[in-house]
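Residue-level structure breakdown
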Amino acid sequence: MKREQYSKISIDHFAKQLHVDVLTDTEGFIISRNSTKVEEHAIDFNHPHIVEGIALVFCKKGTGKIRINLIEYDVAENTLLLILPESIVQINEQSKNLRIEFLLFTFDFISNIKLPIPVGNIVKIVEDKACWQLAHGQFKEFLLVHQLIVNQYQKKVLYREHIIRNFLSALLYQILQLYSTENSTSVLKYKNRKEEIQMKFAALLYEHYKTERSVQFYAEKLHLTPKYFSKIIMEVNGKSVLDLINEMVIMAAKALLKSSTLTISQIADELNFANSSFFGTYFKKRVGFTPLQYREH
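Read on for an overview of the structure. Computed from a predicted structure; not experimentally measured.

**Concerning the pairing of strand S10 (residues 99–105)**
Counting buried residues in S10 gives six out of seven residues, a clear majority hidden from the surface. Direction of pairing for strand S3 (residues 29–32) relative to S10: antiparallel, over a ladder of three bridges. Directly across from phenylalanine 29, in S10, lies its bridge partner phenylalanine 105. Sheet analysis places strand S5 (residues 54–61) next to S10, joined by seven bridges and oriented antiparallel.

**Focus: the pattern of salt bridges**
On inspection of all chains with the given rule, the structure shows eleven salt bridges. With its nearest N and O atoms 3.6 Å apart, the salt bridge here joins lysine 60 to glutamate 101. With lysine 60 in strand S5 and glutamate 101 in strand S10, this pair connects stretches of sequence that are 41 residues apart. Taking the shortest distance from any N to any O, the salt bridge between arginine 67 and glutamate 247 comes out at 1.9 Å.

**Points about the nonpolar core**
Of all hydrophobic cores here, the largest spans 71 residues; its most connected members are Phe29, Leu103, Phe105, Phe201 and Phe229. Considering every element that reaches this core, the biggest residue donor is helix H8 (residues 241–257), with twelve residues. With 28 residues, the next largest nonpolar core counts Ile11, Val38, Ile91 and Leu98 among its residues.

Cut-offs and rules
Residues numbered from 1 in each chain as written. Predicted model: local features only at pLDDT ≥ 70, side-chain atom pairs only at ≥ 80, totals over all residues. Heavy atoms only, no water. Buried < 20%, exposed > 50% of the residue type's maximum accessible area, 1.4 Å probe, protein only. Helix = DSSP H or I, 4+ residues; strand = E, 2+ residues; numbered from the N terminus. Pairing = 2+ DSSP bridges. Salt bridge = Lys/Arg side-chain N within 4 Å of Asp/Glu carboxyl O. Core = buried A, V, L, I, M, F, W, Y, C linked by side-chain atoms within 4.5 Å.

Structure below.
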């Protein structure tokens, strides 16, 4: 199967893949009908891609390593992944027997679902922990709701979409329950202070990397001195703060360059560079190719 160089993972992308066993005829929502292999989709996950919707991914079999906004997660059987809009995703490793189920939907699709906390707060919580290794029984409960949605999706009945939204609401409540169980005080429990700083930095970087690229900015957000902040990040990651900021920007640039809809100038503007020339110099210094060479390569 020919792989197209998508930069974004969207509802439209899956709607065009009629050969993949997914259900796509409800606007703003898709769901896998059966477990699939990553390579069945016409998208090359060796490159970073931007997720346009909210994705819930269930690993039923196999293992892998996935990178979400610079943080690498180990994926195995009974793993649940939660991926937020505009997250940058890349698969670093995967076993041959890796099988997943998934849902992908927009904020608009769940806009009328009444949740106990604002969607913005949910986003902040998920930024801190995007990967869950569940007990087998708990994982089966999630898959059961997934299957109920699939069963309802295939029925041509009057209130199908309303029923689907309610099942999705149940799934989201299950996910919120995960976080509330681990986090009774609305602040996630970290292994230590250094890990807390690292995870909060990662969340801030995901939110601000397009406009803020100074150590000072992130240190102030975390109420730390730049020197202490830099020291902690180096200890935890083995990389400097600036290295991680640049890595995030380059991942986003690579993903955008895989799209034929944006010019180099538009990408430079999207990533808040003064002009395309400055963006080109920045990109080539770190990648070894100009933006255009990378796109053609």
